[in-house]
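Summary of the model geometry
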Amino acid sequence: MRSGLLFLASALVLCGAESNSVLIRNVTVHPVTAPDIANASVLVIDGKIADIGPHLAARSGARVIDGRGLQLYPGLINAATNVGLAEISALRDTVDLDEIGTFNPELRAEVAFNPSSEHVEVTRASGITSVISLPSSGGSGGRSGSIITGQGALMHLDGWTWEEMAVKRGAVMDMIFPQMQADVPRQYAALLGTPAQSLQEREKQYKEKLQQVSDFFQEARRYKQEKQAGGAGFRPNLRLEAMLPVIDGKQPIFVRAERERTIKDAVAFAEKEKVKIIIAGPREMGSTGVLLKEHHIPVVMGKTLELPLHEDDAYDAPYTLANEFYKAGVKICFGTFDVQFARNVPFEAAQAVAFGLPHEEGLKALTINSAEIMGAGESLGSIEKGKWGDLILTDGDPLEAKTNIKRMFIEGREVALESRHTREYEKWMKR
Amino acid sequence: MKLALGLLLGGLIWAETHGAVAIKDARIVTVSGEELAKGTVVMRDGVITEVGASLSVPADAWVIDGAGLTVYPGFIDALSSWGIPTAATPRGGANQTAGAATATPEPRARGPEDRPQTYSFERAADLVSPTDTRLEAARAAGFTSAATYPTRGIFQGLGAMIDLAGERGRDMVVAQPLGQQISFRQGGFGRTGFPGSLMGNISYVRQLFLDLDQYEQAKQIYASNPAAGPRLEYDHALEGLAESPRVLLPAEESQQIDRMLKFAPELKKPFILYGLHEAYERIDELKEAKTPLLVSLKWPEKPKEEDPSEVASFRELTMRDKAPSVPGLLAKAGVRFAFYTDGVESAADLKKDLKKAVDAGLPRADAIRALTLNAAEIYGVADRLGSIDKGKIANLVVMKGEAFDEKTTVEYVFVDGQQFQPSKESQKEPAASGRKGNAPAEEIK
Amino acid sequence: MRQANWAPTLCALVLSSTAPAQTILIRNATVMTVTKGTIQNGSVLIQNGKVSAVGKNVSAPADATVVDAAGKFLTPGIIDCHSHTAVEGSVNEGTVSDSSMVNIKDVINPTDINIYRALAGGLTVSNVLHGSANAIGGQTIVVKLRWGKTAQEMLFEGATPGIKFALGENPKRQGYPAQGFFNQGPAPERRYPGTRLGVEEVIRQCFQEAKIYQAGWQTYNEKVARGEHPIPPRKDLRLEPLVEVLEGKRYVHAHCYRSDEILMLLRVADEMGFKIRTLQHVLEGYKVAKEIAAHGAGASTFSDWWSYKAEAYDATPYNAAIMMKKGVLVSLNSDSDELQRHLNLEAAKTMRYGGLSEDEALAMVTINPAKQLGIDDKVGSIEVGKSADLVLFDQDPLSNFSKAQKVWIDGHEYFDREKDIETRPEFERKKKALEDKEAAAEPAGKRKSGAAASDSPAAPIAEERR
């Protein structure tokens, strides 16, 4: 039954060639930014949503699709991934993350986004129509010691080239905020053979790193001044050029900050440098909720399905964290910060919902919030006129694993939900 | 350099003991019997000849006026490396890691047959020397003997009861072999040979004792009928094990105590557990097991500099809080235990550590007993050491004040009847604190 | 029977399992028995640690504790066929090619907080395994997550012990000539094997040795029976468990990925005369499902892991469904402290990837792993006579919005979400009291309250923290 539907879908896609006008009828529409509408239709013309309503007629050559009473949602967004930039984590040759160097603002993730990566198809099969692709894997301190690792891009999970797939190039500037080195616990000091560094030493190193960042931003501002003055001796500098949108407050910095202290320091830094930031991947809130709300700083939540940070933490601390931020008035969205589980971002949201986050907030945090936080709120994230026709047809709540994603549209084009995984399934069932 | 300093600061006074020495009219804590509020103890040729309330002092005796002084039996460090000069390191002689640093690296072991980290045949008695720079500080803390073991490997070797002074190493040995010390060495993340894990260590210990069993059976069978052959190989690792009257196994945390209580009987030797900081969780079990115990005086402490955003776990905090109460709880349950210094070397630190145990509920008399007679009994040398009794070795510590109190000073120490006067400097808190916050960690047991 | 006093939540104290076995009636739940269908508005009676009645109308003795489970779902305790939780020290003895002499049973750590966290997700039984650094790894054991008990008390009585094998990339990595991605350090001494070919050789060689060893003991025993006094052979802890495998007394749990190595192992087992009990991970199992079914091995796999290394690249989340449909006994496992907390959600994925029914999905983490571990007479479903290992969920456990509320093992309550939440403030107080006590004992001038970091308003540098 499912394979039949897939075949039909693929056939239709082939027939429709690259048709990006479609009328989807007979569905419950979940606009996300407006109340649900039962028994309705959505009309997409030339890739953009043209109309939503109970009785719509097809026009401009739109294909008609009977939704058979299914659910229609906006395509889901994963706000933090490395999709396209890494294929098999253990094989370095297939991984394009974590470039050498401390400050690499000029690096752009989209230019190495492999449109033929298996992860594109695999990720979208779970209802995800776009992702933010970041140039670093993050982690405490970053594996290469980098601080500013490059720019992340908002990408559609369909297109012949990365150019076609890019929804917003340079959506964010990826930054791993300096962090105090953790003390090595007694039990592990012997195992690791590391002489434990004194608190003083670690504080010193940390402050040095912060100073480095401060100096770099200063350099960028000086560059801007020089450029504006347009003197004879001015020479363009790729690195510093890339910093201009950041210091102008136009490009937000995606600041990876796990600990409460790091978050606070990041906020203070943003104030001082007068830049826009997004906090990414926090693992605790502490008193930062209030702080972030005051400064209108949004958060990209890391994995909900995670272990608590400390031995004594409540067992459900990571599960309730998203709701804590939400209750504090912070705008949140979800990201998985990886490649192979990018497709599971709806389940990360679901777990947060299970432990208190209101369901509609969970859904918003997978759609409209992500779009808005990434500066694409006008074109993505909900079923509204004028936005991209990024839609999914499901037989239930897309946050549930039991639900099947039946069909998908990106920019109004129907997109096959087959992938490497379904092909293996088809093939080997025959043995 | 350290030796010179020691000599300088030491201000040792070596009294020539041609005749007897008597400490007259002091408070004498014999440990084996009633305290004497005012008594006299006489020693001659390194042995206690008299102890009592009203004695006549021999005419040729060197008399020390005991007014205001208390005489205790000299303390025994029940698990030590004192006396082995190579085990001393600048950072305070961490018992276990020192050997690894100085020994030549072993070829990578490919399995238990390679006998990795096995020095079961090494004898502390062969390694001791009075040149160990730590002896002076040990005496200043009131210690006159130590159950000393070699320090490297999983099977560290055969321990010896030594007195902490002598002209030559062999003069120091009182009794040997005391037992076989076993430690668990985990490989760390580098490339190491077998065993690299805790379970690897345990399995190896188990295997070696199985080998011992088979070796002894084989020896017997061969001896009864050599013609049947085959001729046996000499296995000095197994010989070392065979000679061990008992084994010492590490057990610090509650689950490690459970584990060793279950594992040790497999080895078919009497055993002693050492460490025991979380024993407050297992008092009943230890009472039932009747295993002799050695409690480490290096109480778990808060690291000197703790990042305020990183707080220790509840378990860790509890251990720091409750570990010093372990001796008191053991005493109350009637479980026999002794103390060991576990790398703590400064006299001031040792005094503080003992005071901590007393403050946490260990009656002072029990503390003294744990430092003296219990240790002697555990090692089967109570006929010679551990109390102030006629015929025992003249190992005494004479204090001004109650033992372990902050203001108390050690006035004299007698080792084999030889008199020492530890300097006041050696008993004070050292300038740079003796205990490092992030001390060389004990390996996981 | 004793209690851990230091449990990070006070729950273990509150839910004192030193209390005598209670009679408990769980009433009016949706009872998902797994093997005998789902009962709406059903009840389950627990007596003496066992399920003594299941049905729509169950009467209970007057002294029974009644749990009103209206609107809730009751399932068998979840079983994880691949765990490394509760192990003290390294999970691998990776220094030798064959580490069968080591035994996980020796290093079970009942104080691992991840046991409690797993309980809170409904996990009740774990197959605790050695790691995958060796072609033949260490001996393994099955435990029940009896939080607060000793290691000995956690052992699953009567469960057949196991041994771990590993095929594929992991056991050959130390044999590589140069530094790989996992940074093997300076010029490492290579440890055989360095290829899959060598992995096969290690297994065949070791079993060859085991057979010789077995024969040696047999000869010795025969001589002794005849009244002779030969010198006994050396008891070799490495070969003993392999002999047990040959004698069918020890299960083989083999970590494997690619179809070629899976097939290889099945054939080697046939050659040597033993059975593989379970293939673990077995991500390409779907390609050789036929052969796996014919051999009778169970398959314990991931719900949807893939592409983290080369041998996982052909993995598909439909793996479990395909193998199941081809007649293999399949379970889903975690191999992770984190994943083991929500195996019910992993099971739900098979409904999407393969269209399994609810019962089939739930079976993947209950009765199926129980059968694989040979403990299905005691656990794995809600049936009269089985252990009262039960989980109460606040809604359908196959919904991503469900939460475990209560967990019983042997009829004792080991987890209760409400009580967990209730005891948190008291736990915080106790902890703070210890911190304050320690701070008070510090010499003045060094004192700093632990709360400093969290209260201070954002400031660029840490100076004011002093």
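Residues numbered from 1 in each chain as written. Chains lettered and ligands numbered in written order. Predicted model: local features only at pLDDT ≥ 70, side-chain atom pairs only at ≥ 80, totals over all residues. Heavy atoms only, no water.

A word on the overall build of chain B
Operational definition: Strands are runs of DSSP state E lasting at least 2 residues, helices are runs of H or I lasting at least 4, and numbering of each runs from the N terminus. The buried label goes to any residue with under 20% of its type's maximum accessible area, the exposed label to any with over 50%, and the partly exposed label to all in between, with areas taken from a 1.4 Å probe on protein chains only. Contacts are assigned to residue pairs with any non-hydrogen atoms lying within 4.5 Å of each other. Under the convention used here, a 1.4 Å probe and the Shrake-Rupley method define accessible areas, while residue burial counts only the protein chains that appear.
Scanning chain B for helices and strands turns up 15 helices and 18 strands. Taking all 445 residues of chain B together, the buried fraction comes to 60%. The contacts of chain B with a sequence gap of at least 6 include a subset with a gap of at least 24, amounting to 70%. Surface accessibility of chain B: about 17,200 Å² in total, with carbon and sulfur atoms responsible for 52%.

Some thoughts on the sheet that holds strand β10 (residues 253-256) of chain A
Residue and element names in this part refer to chain A. Let me state the cut-off plainly: Paired strands are those between which DSSP finds at least two bridges. Axes here mean lines fitted to C-alpha atoms, for a helix over just the part in contact, with angles spanning 0 to 180 degrees between N-to-C directions.
Read across the open sheet, the eight strands follow the order β6-β7-β8-β9-β10-β11-β12-β13; overall the sheet is mixed. Every other strand in the sheet has two partners, leaving β6 (76-81) and β13 (332-334) as the edge strands with one partner each. In this sheet, neighbouring strand axes are inclined to one another by 25 degrees on average, regardless of whether the strands run parallel or antiparallel. Summarising the sheet, strand β11 (residues 277-280) and strand β12 (residues 299-301) pair through two bridges and their orientation is parallel. Within β12, the position partnered with Ala280 by the bridge is Val300.

Overview of the pattern of salt bridges
What counts here: The term salt bridge refers to a pairing of a side-chain nitrogen on Lys or Arg with a carboxyl oxygen on Asp or Glu at a separation within 4 Å.
Evaluation of the coordinates by the stated rule reveals 97 salt bridges over all chains. With a closest N to O distance of 3.3 Å, Arg261(A) and Glu203(A) form a salt bridge. Linking Arg261(A) in helix α7 (residues 260-273) with Glu203(A) in helix α5 (residues 199-229), this pair joins segments that are 58 residues apart in sequence. In this structure, Arg261(A) and Glu203(A) share a single accessibility class: buried. The salt bridge involving Asp321(B) is made with Lys437(C); its shortest N-O contact spans 2.8 Å.

Overview of the interface of chain C and chain B
How big an interface is tends to be stated in terms of accessible area lost as the parts join. Using the following cut-off: For this analysis, a polar contact is any N or O atom pair within 3.5 Å, provided that within protein one partner can donate a hydrogen and the other can accept it, and provided that sequence-adjacent residues contribute only side-chain to side-chain pairs. Note that Gly is not counted as nonpolar here; it falls among the polar residues with everything else outside the nonpolar set of Ala, Val, Leu, Ile, Met, Phe, Trp, Tyr, Cys and Pro and the charged set of Asp, Glu, Lys and Arg.
The partner chain B presents 54 residues to the 56 residues of chain C that form the contact. Connecting chain C to chain B are six salt bridges. The residue Arg259(B) makes a salt bridge to Glu88(C) at a minimum N-O spacing of 2.9 Å. At the junction of chain C and chain B, the tally comes to 17 residue pairs in polar contact (both at pLDDT 80 or more). Of the residues forming the side of chain C that touches chain B, the biggest block, seven residues, is contributed by helix α12 (residues 417-441) of chain C. Classifying every residue of the side of chain C that touches chain B by side-chain character gives 20 nonpolar, 16 polar and 20 charged.

Section: the domain arrangement of chain B
Residue and element names in this part refer to chain B. Selection rule: All the domain ranges listed were derived from an automatic or database domain assignment. Buried area is calculated as the accessible area (1.4 Å probe) missing from two parts once they are joined, with the contributions of both summed.
Domain boundaries in chain B define domain 1 (1-74 + 386-428) and domain 2 (88-303 + 311-383). Tallying the contact residues gives 35 residues for domain 1 and 28 residues for domain 2. Summed over the three residues of domain 1 that lose the most area to domain 2, namely Val31, Phe404 and Val415, the buried surface amounts to 26% of that side. Our count for the domain 1 to domain 2 interface comes out at two salt bridges. For Arg364, the salt bridge identified is with Asp405, shortest N-O distance 3.2 Å. If you look at where domain 1 meets domain 2, you find nine residue pairs in polar contact (both at pLDDT 80 or more). Counting residues per element, the ones that place at least two in the side of domain 1 that touches domain 2 are α1 (2-10), β5 (70-73), β16 (396-400), β17 (409-415) and α15 (424-427).

Considerations on the side chain of Lys287(C)
As for its placement among the helices and strands, Lys287(C) is situated in the loop between β11 (278-281) and α7 (289-295). The exposure class assigned to Lys287(C) is buried, which follows from its relative accessible area of 10%. The contacts of Lys287(C), once residues within four sequence positions are left out, are Glu424(A), Trp428(A), Arg431(A), Ser259(C) and Asp314(C).

A closer look at the interface of chain C and chain A
Counting from both sides, the interface comprises 68 residues of chain C and, opposite them, 62 residues of chain A. Looking only at chain C, the three residues that lose the most surface to chain A are Trp306(C), Arg352(C) and Phe401(C), adding up to 15% of its buried area. Our count for the contact surface shared by chain C and chain A stands at seven salt bridges. Its salt-bridge partner being Asp316(A), residue Arg417(C) comes within 2.8 Å of it at the nearest N-O pair. Between chain C and chain A we count 36 residue pairs in polar contact (both at pLDDT 80 or more) in total. Elements with a contribution of two residues or more to the side of chain C that touches chain A: α2 (113-119), α7, α8 (319-325), α9 (343-352), α12 and α13 (452-455) of chain C. Across the side of chain C that touches chain A, the residue classes tally to 33 nonpolar, 10 polar and 25 charged.

A word on the sheet that holds strand β10 (residues 173-175) of chain B
Residue and element names in this part refer to chain B. Strand order in this open sheet of four strands is β6-β7-β9-β10, and the pairing throughout is mixed. Each having just a single partner strand, β6 (75-80) and β10 make up the two edges of the open sheet. Here the average twist between neighbouring strands, direction ignored, is 30 degrees. Bridge count between strand β7 (residues 143-148) and strand β9 (residues 160-163): four bridges; the pairing is antiparallel. Bridging from a neighbouring strand, Ser145 pairs with Asp163 of β9.

Brief notes about the packing of helix α6 (residues 198-224) of chain B against helix α7 (residues 236-243) of chain B
Residue and element names in this part refer to chain B. This is how the line gets drawn: Here the word oblique covers every angle except those under 35 degrees (roughly parallel), over 145 (roughly antiparallel) and from 65 to 115 (roughly perpendicular).
Between α6 and α7, the shortest axis-to-axis distance is 10 Å and the interhelical angle comes to 90 degrees. Relative to α7, the element α6 is oriented roughly perpendicular. In this structure, α6 contributes Leu208, Phe209, Asp211, Leu212, Tyr215, Glu216 and Lys219 to the contact, and α7 contributes Leu238, Glu239, Leu241 and Ala242. Residue composition of the contact of α6 with α7, by class: seven nonpolar, no polar and four charged.

Points about helix α6 (residues 259-272) of chain C
All names here are of chain C. The following threshold applies: Take the number of residues in a helix, subtract one, and multiply by 1.5 Å to get its expected span.
Taking 1.5 Å of rise per residue, the 14 residues of α6 would be expected to cover 20 Å, and the 20 Å separating its terminal C-alpha atoms lies within 8% of that figure. If you check which residues of α6 are buried, you get Ser259, Glu261, Ile262, Met264, Leu265, Leu266, Val268, Ala269 and Met272. For α6, the elements touching its buried residues are β9 (162-166), α4 (196-225), α5 (240-246), β10 (251-256), β11 and α7. Gly273 sits one or two residues past α6 and shows a positive phi near 85 degrees.

Details of the side chain of Lys392(B)
All names here are of chain B. Here Lys392 is to be found in the loop between α14 (373-378) and β16. For Lys392, the side chain forms a polar contact with the main-chain oxygen of Leu385, separated by 3.2 Å. In this structure Lys392 touches Gly46, Val47, Ile48, Leu373, Ala382, Asp383, Arg384, Leu385 and Ser387, once residues within four positions along its chain are discounted.

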